[in-house]
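Notes for the structure review
Here is how the chains run, residue by residue.
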Amino acid sequence: MRRIGWLAVTAVAIVAAVLAATATRPPATEAERAYELKEATLCPVCDGQSVLESNAPAAAAMRRQIDTWVDAGRSDTEIRADLAAAYGDDVNALPPGEGVGTLVWALPVAAFAAAAAGLWAATRRWKARAVAPDAGGDRSDGDGAEAEGGTVGDASTAAGDLDLPGRRGRGTGWRNATVVTVGALVLVGAVAGVLVARSAGLRLSGETLTGDIDRSARSLLVDAQRQFAANQLDESRATLEEIFRLDPDLRGALVLSARLHLRHCESVSSQEPSGAGEATDAPSAECDLQSALVDLDRVLADDPSDTEALALRGWLLVRIPDRELIVAGIASLDAAVALDPGEFDPWVFRGYTARFIERDLEAAIGYYGAALQRNPPPAMAAALETAITEMQAELE
């Protein structure tokens, strides 16, 4: 019965642990959701710090992006996926709840259950070994007492007195074995805890706990993106060159490289005399569009559903005054918006194409309206609202 009781207790403990790990809680407020997402997202340029606690500029930018996505109604799963796509899988502090990642959650529970069961079995064996000699000694003492005509009580007392050192030795051995087992259980728990912490991404392999800024390809990418946003194009290009020396296949760097090529084309075209093609803003002959397209095709070969790469590729193609390329560009933009991205760029690009190339003002209004719903910068939002007003006036 005691064995059944221990098994029942163990089963209840395991079930309770599993339910506690997988139970869902009531929906949190938007502020709580954003807080938890920031707490579970690692700063890509810091060692062992979340974006919630880091003061790095990259962490601040990620906090603002998370707030924007939460306000836009995106789910936690979508936000984590977008962050991982932009900064790498290592930014997710929590391991996945499916696939191989479930081992991170299941193994500690299984290890605890196995250790508890082992302790219970060892304890029963030690008790059995300790009791068996005592029982034999009592029986022999009793028989000896009867043979000598003495009282059973006197014989038992004498036997107990004679066997006291042996009893004390067996009790000490049992206690020592228990201490060793408990120590082993604590060690197993400590090792399991360390493995869980490392697998959960709280501290990446080889990193320190000081929060120092690293110079990995991922951290350099954040620097290059910040330089690009500040229109420091030469500095951004130099940083990209360093990134490609470390990781020539980093997806975000390839996309940024294409953006730099596009920005250069726009700069050159704006300096040329008007008449270069108002409808398509045809790029200058000095533009290296081929390199930009190669970078984007490398990204799409790895992930055909990358909306940023699809949108940029389409935007490049529709601006080239070649009918076949324009058709291919429209198809790429349609593929991007069909994925319903949370970024505003694909919708803006598609709206521009509908307005100036396809001359479909109603469709353009719809695309621009979708872009406005995705929180573009104030200047972009004002330009989109003005364009919508102008197209509505044309339709009237």
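That block above? That's the structure.
Read on for an overview of the structure.

Parameters and conventions
Residues numbered from 1 in each chain as written. Predicted model: local features only at pLDDT ≥ 70, side-chain atom pairs only at ≥ 80, totals over all residues. Heavy atoms only, no water. Helix = DSSP H or I, 4+ residues; strand = E, 2+ residues; numbered from the N terminus. Buried < 20%, exposed > 50% of the residue type's maximum accessible area, 1.4 Å probe, protein only. Contact = heavy atoms within 4.5 Å. Areas by Shrake-Rupley, 256 points an atom, 1.4 Å probe, with all protein chains shown as cover. Salt bridge = Lys/Arg side-chain N within 4 Å of Asp/Glu carboxyl O. Phe/Tyr/Trp six-rings, centres within 6.5 Å; stacked < 30°, edge-to-face > 60°. Lys NZ or Arg CZ within 6 Å of the ring centre and 35° of its normal. Axes fitted to C-alpha atoms, helices over the stretch in contact; angles between N-to-C directions. Parallel < 35°, antiparallel > 145°, perpendicular 65-115°, else oblique. Left-handed = near helix turned anticlockwise from the far one by under 90°. Expected span 1.5 Å × (residues − 1). Arc of directions from axis to C-beta. Core = buried A, V, L, I, M, F, W, Y, C linked by side-chain atoms within 4.5 Å.

A short note on the overall build of the chain
- A tally of regular secondary structure across the chain gives 15 helices and zero strands.
- The buried share of the chain, reckoned over its 396 residues, is 36%.
- Considering only contacts within the chain whose residues lie at least 6 apart along the sequence, 56% involve residues at least 24 apart.
- As presented, the chain carries roughly 22,500 Å² of accessible surface, and 58% of it is formed by carbon and sulfur atoms.

Quick notes on the pattern of salt bridges
- Within this structure, the stated rule accounts for 16 salt bridges.
- Measuring nitrogen to oxygen at the nearest pair gives 2.9 Å for the salt bridge that ties Asp67 to Lys38. You can see Asp67 sitting in helix α3 (residues 57-71) and its partner Lys38 sitting in helix α2 (residues 30-39), a full 29 residues away along the chain.
- Under the relative-accessibility criterion, Asp67 is labelled partly exposed at 29%.
- With a shortest N-O distance of 3.1 Å, Asp297 and Arg313 are connected by a salt bridge. Placement of the pair is Asp297 in helix α10 (residues 289-302) and Arg313 in helix α11 (residues 307-318), with a sequence separation of 16 residues.
- On the basis of relative accessible area, Arg313 is assigned to the partly exposed category, the value being 24%.
- Taken together, the shared-partner salt bridges connect Arg251, Asp302, Asp303 and Asp306 into one network.

Thoughts on the side chain of Gln227
- Counting through the fold element by element, Gln227 comes out in helix α7 (residues 217-229).
- Contact partners of Gln227, with chain neighbours within four places excluded, come to Gln232, Glu235, Ser236 and Thr239.

A look at the packing of aromatic side chains
- Counted according to the given criterion, the structure contains four aromatic pairs.
- Judged by centre distance (5.0 Å) and plane angle (85 degrees), the ring pair of Trp315 and Tyr352 falls under edge-to-face. Placement of Trp315 in helix α11 and of Tyr352 in helix α13 (residues 345-357) is noted, with a sequence separation of 37 residues between them.
- By relative accessible area, Trp315 is classed as buried at 9%.
- Taken together, the aromatic side chains of Trp315, Phe349, Tyr352 and Phe356 make up a single cluster linked through ring pairs.
- Positioned above the aromatic ring of Trp69 is the side chain of Arg74, whose terminal nitrogen or guanidinium carbon lies 5.7 Å from the ring centre.

Structural notes on unusual backbone geometry
- One non-glycine residue, Asn231, lies in the positive phi region at around 65 degrees.
- As for its placement among the helices and strands, Asn231 is situated in the loop between α7 and α8 (233-246).
- Although it is not a glycine, Asp340 adopts a positive phi angle of roughly 55 degrees.
- In this structure Asp340 comes out as partly exposed when scored by relative accessible area, which is 47%.

With respect to the packing of α11 against α13
- Remark: α11 packs on α13, axes separated minimally by 9 Å, with the N-to-C direction vectors making an angle of 25 degrees. Looking at the two axes, α11 sits roughly parallel to α13. Like other packed secondary-structure pairs, α11 and α13 cross with a definite hand, here left-handed. Contacts from Thr307, Ala311, Leu312, Trp315 and Val318 of α11 reach α13 at Pro346, Phe349, Tyr352, Thr353 and Ile357.

As for helix α15 (residues 378-395)
- The end-to-end C-alpha distance of α15 is 26 Å, a good match for the 26 Å that 18 residues give at a rise of 1.5 Å each.
- Along α15, the positions that sit buried rather than exposed are Ala381, Leu384, Ala387, Ile388 and Met391. For α15, the angular spread of buried residues about the axis comes to 125 degrees, placing them on one side. In this structure, α15 carries Pro378, Ala379 and Ala393 as exposed residues pointing more than 90 degrees from its buried face.
- In this structure, the buried side of α15 is in contact with α13 and α14 (361-372).

Remarks on the nonpolar core
- Leu316 and Tyr368 are the most contacted members of the largest nonpolar core, which totals 43 residues.
- The set of elements that each furnish at least two residues to this core consists of α9 (251-270), α10, α11, α12 (323-338), α13, α14 and α15.
- Ranked by the residues each element gives to this core, the list is headed by α11, at eight residues.
- The contact partners of Tyr368, leaving out residues within four places of it in the chain, are Trp347, Val348, Gly351, Tyr352, Leu384, Ala387, Ile388 and Met391.
- Counting 18 residues, the second-largest nonpolar core is a separate cluster that includes Ala34, Leu37, Tyr87 and Val91.

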